[in-house]
Amino acid sequence: MDRLLSPRSIAIVGLSADPTKHGARVLTNLRKLGYPGQVWGVNPKRPRIPGVETYESLAALPEPPDVLVCALPGDLVPDLLRQADGAGYAIVFGGGFAEAGPTGAARQADLIAAARDSGIRVLGPNSGGVIVAGTGVAMSFLTCLDRPAEHIRSGPVGLVTQSGGTGSYVHNLAYERAGGLAASISTGNEADLDLADGINALVDLDAVRVIALLLETVRDGTGFMTAVGRAHSAGKPVVVTRIGTGSLGQSLMQTHTGAMATPGRIFAGVAATLGLALAETPAEMLDVAEILAHARRPGGDRVGIVTHSGGIAILLSDLAERSGLHLPQPSAELRDRLAPLLQHGAANNPLDMGGIIGGPQRFAQVVEAFGDEYDLVLAVTSAHPPAHTPARVDSLLALGATTPTVHLWMGGDVSAEGLDALRAAARPVTEEPRAAIKALVALVGIDPVPPGDPDPSIPALPREQLTEAGAKDLLADWGLAVVRGVVTRTPVEAITAANQIGYPVVAKAIGLDLAHKTEAGAVVVDLRRAAEVEEAFGRLAEVTGQSVADVLIEEMVAGPEVIVGSVRDSTFGPMVMVGVGGVAAEVLGAVATAPAPVARSHARTMIDSLQGVRLLTHPRRGRPADLDELAQIVVRVSQAAAALPDLRELDINPLMWTEHGWKVVDATLRSDPEAATH
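Residues numbered from 1 in each chain as written. Predicted model: local features only at pLDDT ≥ 70, side-chain atom pairs only at ≥ 80, totals over all residues. Heavy atoms only, no water.

Trainee: What is the right way to look at the confidence of the model for the protein chain in this model?
Mentor: Regions with low pLDDT carry predicted coordinates that are not meant to be interpreted in detail. Averaged over all residues, the pLDDT of the protein chain equals 92, while 94% of them reach at least 70. Low confidence marks residues 246–253, where pLDDT is under 50. Its contacts with residues over four positions away, or in another chain, come to 20 contacts. (pLDDT = per-residue confidence, 0-100. Contact = heavy atoms within 4.5 Å.)

Put into structure tokens, the structure is as follows:
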């Protein structure tokens, strides 16, 4: 995409003499930043604009431009693109396309067809343009450029955004910090170029060290994951703020697994697998990205936190615990070394230095001592006498580079010069505790997770939809343990089956439309006598409305429950999910997802991350559940999800820990037979 980010020639279509119009604003911005290439105007009226040659049509241009800036109404764009043979890219600012209903969608389809006919690539529509401050490229009308040229600086972070206005805000944040962005690409509707194209372009731009993404939705999951992997292979971490969720086909999901596979949870699982750093707001995203751009990666995950405020130490301890940061306590040797440097403080981690009357250099001495024992240090400057700021910053800047250090500056406005000095020295620094912790998490754990091994030997699904009994037979073929059960059609058969299995038993009405049996009253539990089985059979026949019903008689087991399942997401493909609590997981939200297939180590990480996972191994609940065995079940389900294109949803709920190991108690499988033929 060199022709887009480093164009030698730009044609502004719709350029007018009105300085408020988009075309004139682009020209002003190009001149302000000193764009060195050729700029032409295209307008049938050929207005007089000093310093710019204006032509009546694209055909009249001296040569095809690298970039067409389409500063004209959206309904005129498709016909324009049909005349664009030889041009490289078109940036379409205008709206009224897919976001505007059926008429707009038809117009966008026409735009795409026109672009394909002429061979031009399209950024937009609804794009905010492209800005590469370091080379004078400002093909944008965004208000972030309404400032003096000396305030529009380059920086180490590249931005891809689906929201032009929010992208403009990120530019303003960077400028306020006396910094800037290496480049920004606003993709808009993504009729052609999308997030993946933007990521790939920034990977190839030398000035970019970290890539920030502002996204509402991912349209091409495979392309997105490939581009992120390429960024990380190039040593460029990716930080994401997701500002929308979208539906992603959730209305089609019918199982508990499908209901819990929300767009947010799906994306969180993809992000964890890809090694993405997640931020909740654009400002937090820029904080994390800038820290990653300026900090060195540590050699391990031992994090030390130094502050001189007990309250801040507690706050950071809470944030770190929720984020899974490893904060080991200082060794006896380090405690002895710290003792003379503390003023009624406590040599813990996070460390509270206590009073600060011992001089401004003491803080840096403690940070240096921590650096000799920890892989990564967060140096937290809280409120202090303003007179101490210069000496404190000088001593921090003078520290050796043996250990990576991130700075959290919470000194307030009276010590703002210290913050400015750290930023001017390109040290990793933020004013926001949550951003600091997220940056630390990214620094010690940004690496992507290797995928699991596929298993092509998994047998194909039958063409017909499966009942619960059929689904369990299939799971047994995959190697999962299933509770003993018999499908019966008469009360006598049900009693015989119960006698063979051994009481107590469970009776279930089974049918293709009974995915949620408990809610439908299609389950009767704890049956201990033949008479109870006969009565239950009659009740279940009434539920199904059939004179002859299929009733599954099964052994009754008890123990801690989990849910394991898979869905085929419309964007990211097969996903595996695990949650604590069986049905309760849907209420508690204690679930983790990942693209399938997963490796066993990743499956175990997913399980360990779940809220409430300790309930599975608590000694008061009997024999501790085998989480490694559970991880292997997650792996097996993920292999099936990846191998079977027609497997739409699988719901094992609950999977129960018993004295004989994990057993499938209930299962629902839904397939799409047509998918197997594509």
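Trainee: Sorry if this is basic, but what is going on with the side chain of H384 here?
Mentor: Locating H384 in the fold gives a position in the loop between β17 (376–382) and α14 (389–397). Reaching out from H384, the side chain makes a polar contact with the side chain of T389 at a distance of 2.8 Å. (Helix = DSSP H or I, 4+ residues; strand = E, 2+ residues; numbered from the N terminus. Polar contact = N/O pair within 3.5 Å; in protein donor to acceptor, adjacent residues only side chain to side chain.)

Trainee: It is not clear to me how the packing of aromatic side chains should be interpreted in this structure. Could you clarify?
Mentor: The description of an aromatic ring pair uses the distance of the two centres, along with the angle that the planes make with each other. A complete count under the given rule lists six aromatic pairs for this structure. Between F224 and F267 the ring centres are 6.2 Å apart and the planes differ by 45 degrees, which places this aromatic pair in the tilted class. Here F224 is found in helix α7 (residues 221–233), whereas its partner F267 is found in helix α9 (residues 263–274), with 43 residues between them in sequence. One aromatic cluster in this structure is built from F224, F267 and F572. One cation-aromatic arrangement involves R392 over F363; the distance from NZ or CZ to the ring centre is 4.4 Å. (Phe/Tyr/Trp six-rings, centres within 6.5 Å; stacked < 30°, edge-to-face > 60°. Lys NZ or Arg CZ within 6 Å of the ring centre and 35° of its normal.)

Trainee: It is not clear to me how the sheet that holds strand β8 (residues 137–139) should be interpreted in this structure. Could you clarify?
Mentor: Two strands in a sheet stick together by hydrogen bonds in their backbones, pointing the same way (parallel) or opposite ways (antiparallel). Read from one edge of the open sheet, seven strands run β8-β7-β10-β9-β11-β12-β13, paired in mixed fashion. Each having just a single partner strand, β8 and β13 (277–279) make up the two edges of the open sheet. Within this sheet the neighbouring strands show an average axis-to-axis angle of 15 degrees, counted without direction. Here strand β7 (residues 129–132) pairs with strand β10 (residues 183–186) via three bridges, running antiparallel. Paired with V130 across the bridge in β10 is I185. (Pairing = 2+ DSSP bridges. Axes fitted to C-alpha atoms, helices over the stretch in contact; angles between N-to-C directions.)

Trainee: Would you mind showing me how to read the pattern of salt bridges here?
Mentor: Pairing of side chains with opposite charge becomes possible as their charged atoms draw close. Under the criterion given, the structure shown has 32 salt bridges. One salt bridge in this structure joins E432 and R434, with 3.1 Å as the shortest N-O distance. You can call E432 partly exposed: its relative accessible area is 25%. K472 is the partner of E554 in a salt bridge, and the nearest nitrogen-oxygen pair spans 2.3 Å. Placement of the pair is E554 in strand β23 (residues 551–555) and K472 in helix α17 (residues 468–477), with a sequence separation of 82 residues. One exposure class covers both E554 and K472, and it is buried. Here the salt bridges do not stand alone but share partners, grouping E468, K472, K508 and E554 into one network. (Salt bridge = Lys/Arg side-chain N within 4 Å of Asp/Glu carboxyl O. Buried < 20%, exposed > 50% of the residue type's maximum accessible area, 1.4 Å probe, protein only.)

Trainee: Looking at this structure, I do not really get the layout of surface pockets. What am I missing?
Mentor: The computed volume of the largest pocket comes to approximately 1900 Å³. Lining the largest pocket are 45 residues, and of these R322, S323, G324, V441 and S609 sit closest to its centre. Breaking the lining of the largest pocket down by element, the ones donating at least two residues are α9, β13, α11 (310–323), α16 (433–445), β26 (591–595) and α22 (600–608). Classifying every residue of the lining of the largest pocket gives 21 nonpolar, 14 polar and 10 charged. (1 Å grid on protein atoms, 1.4 Å probe; cavity = no way out; pocket = protein on both sides within 12 Å on 5 of 7 lines; lining within 4 Å. Points joined across faces, edges and corners; volume = space filled by probe spheres on them. Nonpolar A, V, L, I, M, F, W, Y, C, P; charged D, E, K, R; others polar.)

Trainee: What is the right way to read unusual backbone geometry from this model?
Mentor: Residues apart from glycine generally show negative phi values, whereas peptide bonds are mostly found in trans. Of the consecutive residues A596 and P597, the connecting peptide bond is found in the cis state with omega at 0 degrees. Tracing the backbone through its elements, the reader meets P597 in the loop between β26 and α22. Located in the positive-phi region is R46, a residue other than glycine, with phi close to 50 degrees. Positive phi, normally seen in glycine, also occurs at A426, with a value near 60 degrees.

Trainee: How do you make sense of the sheet that holds strand β18 (residues 405–410) when you look at a structure like this?
Mentor: Overall, mixed pairing links the six strands, which are arranged β15-β16-β14-β17-β18-β19 in an open sheet. The open sheet has two edge strands, β15 (344–346) and β19 (429–430), and neither has a second partner. Relative to strand β16 (residues 351–354), β15 runs antiparallel, the two sharing two bridges. By the bridge assignment for β16, A346 is matched with D352. Across the sheet, α14 lies against β17 and β18, angled at about 165 degrees from β18, the strand it touches most.

Trainee: Please clarify how helix α6 (residues 195–203) should be interpreted in this entry.
Mentor: A turn of α-helix holds 3.6 residues, and therefore any two residues three or four places apart point the same way. The buried count for α6 comes to seven of nine residues, which makes it a mostly enclosed element. When we look at burial in α6, the residues that qualify are L195, A196, G198, I199, A201, L202 and V203. Buried residues belonging to α6 abut α1 (2–5), β9 (157–161), β10, β11 (210–215) and α7. Sitting at the amino-terminal end of α6 is D194, which places a side-chain oxygen 3.1 Å from the backbone nitrogen of A196.

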